[in-house]
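The lines below spell out each chain.
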Amino acid sequence: MSDGSDDVMADQGTEADDIDDEIVESDVELDGEVVEPDNDPPQKMGDPSVEISEENQETAQTYKAKALHAISEGELNEAIDHLTEAIMLNPSSAILYATRAHAFVKMNKPNAAIRDADQALKINSDLAKGYKYRGMARATLGQWEEAANDLHIASKLDYDDEIYSILKKVEPNAHKLKEHQRKYERLRKERELRKAERLRQRRRAEAKAAYEREKRGETSQSNASDPGLHDPDSLAALKDGTVLSIHSSSELETKFNAASNLSRLAVLYFTATWCGPCRFIAPLFSSLAGKYPKVVFLKVDIDELGPVAQRWDVNSVPTFFFIRNGKQIDKVLGADKNELEKKLALYAGKS
């Protein structure tokens, strides 16, 4: 008859396997400089549905000519003013928005440039300059893959030497990021296979351990009332007192089912590696997992599992969802430490 040491050894072995199996992504060495995102209020946009007179069209062309001259002289603020006047007079002109986007690119205001390029492409989806200037703006923000895609489309629509020159700088970074993503996707799939095998072994060990405890009569009344004792499969899918990182939709579904089977509250945390507030709140989330070991703490990176974030209608990070029996009962938006602790104390007490 087992004296319990087998259980301890199995738990320790599982913990060691999990630690060894953690995938720590290395940084990708990229070339080129990026700029800080501009956070100015959105620029004026015209209403393309209004009727435009010939006089307004002619006057808009005059302002455009003045803007092009100002750009050639390096007077970019003056150029923006002229182009804004032209857009107000002729808001259905895609080329006016694209030209203003070019001026914003030169001013290192990529977000403003992207807004104008988006509007230009909304009016004319085949406008090469719209893709070109949006690609240039995205490159200055370090959005290498998106920039490469825009520049390739621009090149197919209307090739020029400037696009070729920019692509020579953008494409190597886009390729590095794509290869990096493929590498870690492969590693994550391999990790999932190993975890699935360990899960099967853990379930058998948990079931055997529970049977031995009952057989020895050492199970307390509190443990006897614990649903996990009679559902070792669900218990094996969770890990009390820790935050579980989710890497696939099926894995998330497994954790939700296990939490429901064990009548446990689940907290689903959406985060991103580039999110400053997420880095601020992450240590608290981990400490709360230790404080509430019977609550299931789950973490999803929105860049890794975009479709999952979309299904949960996540518009910003960090976002926390409180789930019971597979249904959302509440949520917390942002790195609100007090609200997160208050709601967790409220719902955890009802587990």
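As the structure is a prediction and not an experimental result, all values here were calculated from the model.

Peer 1: Requested: an account of the environment of Trp144, with residues and values cited.
Peer 2: Its location among the elements puts Trp144 in helix 7 (residues 144-157). Take Trp144: its relative accessible area is 7%, and that puts it in the buried class. Along the chain, Trp144 and Lys169 lie 25 residues apart, while their C-alpha atoms are 9.4 Å from each other.

Peer 1: With reference to specific residues and values, describe the packing of helix 4 (residues 94-106) against helix 6 (residues 128-140).
Peer 2: Taken N-terminus to C-terminus, the directions of helix 4 and helix 6 make an angle of 20 degrees; their axes are 9 Å apart at the nearest point. Looking at the two axes, helix 4 sits roughly parallel to helix 6. Note that helix 4 runs across helix 6; the crossing there is left-handed. Of the residues in helix 6, those in contact with Ile95, Ala98, Ala101, His102 and Val105 of helix 4 are Lys129, Gly130, Tyr133, Met136 and Ala137. The class makeup of the residues in the contact of helix 4 with helix 6 is seven nonpolar, two polar and one charged.

Peer 1: An account of the sheet that holds strand 5 (residues 327-333) is requested, with residue identities and associated values reported.
Peer 2: Pairing is mixed across the open sheet formed by five strands, whose spatial order is 1-3-2-4-5. Looking at strand neighbours, the two that pair on one side only are strand 1 (243-246) and strand 5, the edges of this open sheet. Along the sheet, successive strands turn relative to each other by an average axial angle of 25 degrees, direction set aside. Sheet topology places strand 1 next to strand 3 (residues 296-301); four bridges connect them, and they run parallel. If you follow Ser245 over to strand 3, its bridge partner there is Lys299. Here helix 13 (residues 276-291) sits on the sheet and contacts strand 1, strand 2 (266-271), strand 3 and strand 4 (319-324); the angle it forms with strand 2, its principal contact strand, is near 160 degrees. Lying over the sheet, helix 15 (residues 337-348) contacts strand 2, strand 3, strand 4 and strand 5, oriented at roughly 155 degrees with respect to strand 5.

Cut-offs and rules
Residues numbered from 1 in each chain as written. Predicted model: local features only at pLDDT ≥ 70, side-chain atom pairs only at ≥ 80, totals over all residues. Heavy atoms only, no water. Helix = DSSP H or I, 4+ residues; strand = E, 2+ residues; numbered from the N terminus. Buried < 20%, exposed > 50% of the residue type's maximum accessible area, 1.4 Å probe, protein only. Axes fitted to C-alpha atoms, helices over the stretch in contact; angles between N-to-C directions. Parallel < 35°, antiparallel > 145°, perpendicular 65-115°, else oblique. Left-handed = near helix turned anticlockwise from the far one by under 90°. Contact = heavy atoms within 4.5 Å. Nonpolar A, V, L, I, M, F, W, Y, C, P; charged D, E, K, R; others polar. Pairing = 2+ DSSP bridges.

Nothing here speaks to function; it is all geometry.
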